[in-house]
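An overview of the molecular structure
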Amino acid sequence: MEPGWLSAEEWQAVVLSLRVSFWATLVSLPLGVLVALALARGRFPGRQLLNGLVHLPLILPPVVTGYLLLLTFGRKAPVGSFLYEAFGIVFAFRWTGAALAAGVMAFPLMVRAIRLSIEAVDPKLEQAAATLGASRIWVFLTVTLPLILPGIVAGSILAFAKAMGEFGATITFVSNIPGETQTLPSAIYSFLQVPDGDAAAFRLVLISVAIAMLALLLSEVVAQRVARRISGR
């Protein structure tokens, strides 16, 4: 049911932002765990290059990241045209593209949180399991994964919050189409460009702040509870 204090367009932007952020976080999580594991435990040529590429979205202007996504995943771009012709997947100017842009921008925060959790695990615990004949995958699933679960939870929630606030890369890659790609930040920007749009923009700002604060608090609470459960306290 639509809240009386939000217009249909405002409510649409809120729902779309939640949808984009959810899928951006969910799809990038497995890759985030693998990359964090490689950076924390891996010793291979190009490790520092991988680390730099992962954190590059934090350094580059978001507009540049969005433009690079457009050059890569646009309908006429190499990867974009292949995905469309082979699987019918379209990113440019679709909500799926907004999720991709949000996921790319939030990915460094997710990886960092998970990587710190992995580095805090005592390698001797994993070595002990390996000496008992467990495979590397089984050691990860039964020893490493439960211990890094607080970091995974915290990183996922922080990535979700970051995705909710993504603007520059999203509007560059998928534009600002109401009902399709107009997320909360894009809607706020649009309302600020029209007369008498300040009230609607302010309502969406309040919602954005509330969601961000709730995500930060939730990440702390969930991570602490998971950590206590793992430690048996």
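The sections below set out a description of the structure shown in this document. Because the structure is predicted, anything quoted here is derived from the model rather than measured. Position labels on residues start from 1 in each chain and follow its written sequence. For a predicted model such as this one, the threshold for reporting local features is a pLDDT of at least 70, and the threshold for listing and counting side-chain atom pairs is 80 or more; totals across whole chains, interfaces and linings nevertheless cover every residue. With hydrogens and water stripped out, all remaining heavy atoms of the structure feed into the side-chain values.

**Quick look at the overall build of the protein**
For the record, the criterion: Starting at the N terminus, helices and strands are each numbered in turn, a helix being any DSSP run of H or I of at least four residues and a strand any DSSP run of E of at least two. Partly exposed residues are those whose accessible area sits between 20% and 50% of the maximum for their type, while under 20% is buried and over 50% is exposed, using a 1.4 Å probe and protein chains only. Contact criterion: two residues are considered in contact whenever any of their non-hydrogen atoms come within 4.5 Å of each other. Two residue types count as positive, namely Lys and Arg, and two as negative, namely Asp and Glu; His and chain ends fall outside the count. Where a charge lies is defined by one atom per residue type, namely NZ (Lys), CZ (Arg), CG (Asp) and CD (Glu).
Check the secondary structure of the protein and you find 10 helices and zero strands. Secondary structure elements of the protein, listed N to C terminal, follow the sequence α-α-α-α-α-α-α-α-α-α. Counting only C-alpha atoms, the protein reaches 70 × 45 × 30 Å along its principal axes. When burial is assessed residue by residue, the protein has 42% of its 233 residues classed as buried. For the protein, the proportion of contacts with a sequence separation of at least 24, taken over those separated by at least 6, is 69%. Considering the protein, the positive charge centre built from 17 side chains and the negative charge centre built from 12 side chains are found 14 Å apart.

**Focus: unusual backbone geometry**
Although it is not a glycine, Ser175 sits at a positive phi angle of roughly 65 degrees. By secondary structure assignment, the location of Ser175 is in the loop between helix H8 (168–174) and helix H9 (184–192). Judged by relative accessible area, which is 29%, Ser175 ranks as partly exposed. The backbone of Asp196 shows a phi angle near 60 degrees, a positive value even though the residue is not glycine. Here Asp196 is to be found in the loop between H9 and helix H10 (198–231). Judged by relative accessible area, which is 81%, Asp196 ranks as exposed.

**As for the packing of aromatic side chains**
Here is the rule we go by: Working definition: a ring pair exists when centres of Phe, Tyr or Trp rings (six-membered ring for Trp) sit within 6.5 Å. Plane angles under 30 degrees give stacked, over 60 give edge-to-face, the rest tilted. Only when the NZ of Lys or the CZ of Arg is both within 6 Å of the ring centre and within 35 degrees of the ring normal is a charge said to sit over the ring.
Scanning all chains against the criterion turns up four aromatic pairs. Between Phe22 and Trp23, the aromatic rings sit 5.4 Å apart at their centres with planes inclined by 80 degrees, giving edge-to-face as the arrangement. Taking 5.5 Å as the distance between ring centres and 45 degrees as the angle between the ring planes, the aromatic pair formed by Phe167 and Tyr189 counts as tilted. Of this pair, Phe167 sits in the loop between helix H7 (136–164) and H8 while Tyr189 sits in helix H9, and the two are 22 residues apart along the sequence. Residue Tyr189 is classed as partly exposed on the basis of its relative accessible area, which comes to 40%. Cation over ring: Arg19 sits above Trp95, and NZ or CZ is 3.8 Å from the ring centre. The ring of Tyr84 is capped by Arg75, whose NZ or CZ atom sits 4.0 Å from the centre of that ring.

**Let's talk about a nonpolar patch on the surface**
Our working rule: Patches were defined on residues exceeding 30% relative accessible area and lacking a salt bridge, with like-charge contacts within 9 Å and nonpolar side-chain contacts (Val, Leu, Ile, Met, Phe, Trp, Tyr) within 5 Å. Throughout, the Shrake-Rupley method with a 1.4 Å probe supplies accessible areas, and for residues the shown protein chains are the sole cover considered. The term salt bridge refers to a pairing of a side-chain nitrogen on Lys or Arg with a carboxyl oxygen on Asp or Glu at a separation within 4 Å.
Together, Leu49, Leu53, Leu56, Leu58, Ile59 and Leu109 give the surface a local cluster of nonpolar side chains, amounting to about 580 Å² of exposed area. For the nonpolar patch, the leading source of residues is helix H2 (residues 47–59), giving five residues.

**Things to note about the pattern of salt bridges**
According to the stated counting rule, one finds two salt bridges in the structure shown. For Arg203, the salt bridge identified is with Glu10, shortest N-O distance 2.7 Å. Within this pair, whereas Arg203 is found in helix H10, its partner Glu10 is found in helix H1 (residues 8–41), the two being separated by 193 residues in sequence. Between Arg115 and Glu119 there is a salt bridge, with its nearest N and O atoms 3.0 Å apart. Highlighted residues: Arg115 and Glu119, both in helix H5 (residues 95–120), separated by four residues, approximately one helical turn. Glu119 sits in the partly exposed class, given a relative accessible area of 40%.

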